Amino acid sequence: MLGRSKRLVSRRQRMALSVRDVCCQFPGCRSRRRCDAHHIRPWSQGGRTDMDNLILLCRRHHTVVHKYQIRIERTGADFAGAMRGPAAFAFYLPDGSQLLPLESRVRGRMMFNTAVRVAKVRQITKAADPGTVGGGYGFDLGLCIAWMFEAEWRHAREGKAVV
C-alpha cells in the first residue's frame, strides 16, 4: 500500500493487480496485453495508490476512460478470475448510463464491439478506392474508429441511448 506517497504502482502491486483482475476490466474486453494500472478515484482528486483503488485496463480502454470521463465504481462481486461471473466494476458515462458488454442480457447502455466494426469497415472498403472518395483525402481507419467512439459518446450525451 503506497497511499498518497507515490502515484505509480509498485512492482508488487502490479503483480497482485494482474493476479486479481487477470485482464482488462472494461465491459466486454478480455485483453491481457499492454494493460495499465488505473486509479478508480483519480490521483489528482486525492485517490490513493492502494489495491482497493486500482483497476487493470488495456491501453485502449485506459485512454477511452480518460477521454470520455467514464466513472468506475466497485460492485459487490468477487474478483474470482474476473473472466466469468458478475463484473467486479461498473462503468458509467457522464450522463449516468451504465456501459455493459454486448453479450450481457441486462438492460443498460450497450457498448458496441469495436473489433466487429473494424472488420466490417475493412471488408466494405477492401475493394473501394478511397483516394477518389470524398475529395481525394483517402481513408484513415484510425480516424474512423475515433469518430465511432465520438458519435457513440455524443449519442449518449443527447439522451438518445437505447435501453
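Look up a bit, the structure's there.
The structure reproduced in this document is the subject of the present report. (Residues numbered from 1 in each chain as written. Predicted model: local features only at pLDDT ≥ 70, side-chain atom pairs only at ≥ 80, totals over all residues. Heavy atoms only, no water.)

### As for the packing of aromatic side chains
Defined as follows: Planes of paired rings set the category: under 30 degrees apart is stacked, over 60 is edge-to-face and the rest tilted, where pairs are Phe, Tyr or Trp rings (Trp by its six-membered ring) whose centres lie within 6.5 Å. For helices the rule is a DSSP run of H or I covering at least 4 residues; for strands it is a run of E covering at least 2, with both sets numbered from the N terminus onward. Relative accessibility under 20% of the residue-type maximum defines a buried residue, over 50% an exposed one, and the middle range a partly exposed one, all with a 1.4 Å probe and only protein chains included.
Scanning the model with the defined rule gives three aromatic pairs in all. When the ring of F26 is compared with that of F91, the centres are 5.2 Å apart and the planes differ by 65°; the resulting orientation is edge-to-face. Here the residue F26 occupies a position in the loop between helix 1 (11-21) and strand 1 (35-39), and F91 occupies one in strand 4 (residues 89-92), the gap between them amounting to 65 residues. What makes F91 buried here is its relative accessible area of 1%. Here Y68 and W153 contribute two aromatic rings whose centre-to-centre distance is 5.7 Å and whose plane-to-plane angle is 50°, an arrangement assigned as tilted. With Y68 in the loop between helix 2 (59-67) and strand 3 (71-74) and W153 in helix 4 (residues 141-157), this residue pair connects regions lying 85 residues apart in the sequence.

### Here's the deal with unusual backbone geometry
Negative phi characterises most residues that are not glycine, and trans characterises most peptide bonds. For V22, which is not a glycine, the phi torsion comes out positive at approximately 70°. In this structure, V22 sits in the loop between helix 1 and strand 1. Judged by its relative accessible area of 23%, V22 falls in the partly exposed class. The phi torsion at R34 lies on the positive side, around 50°, for a residue other than glycine. Mapping R34 onto the fold places it in the loop between helix 1 and strand 1. The exposed category is assigned to R34, whose relative accessible area is 64%.

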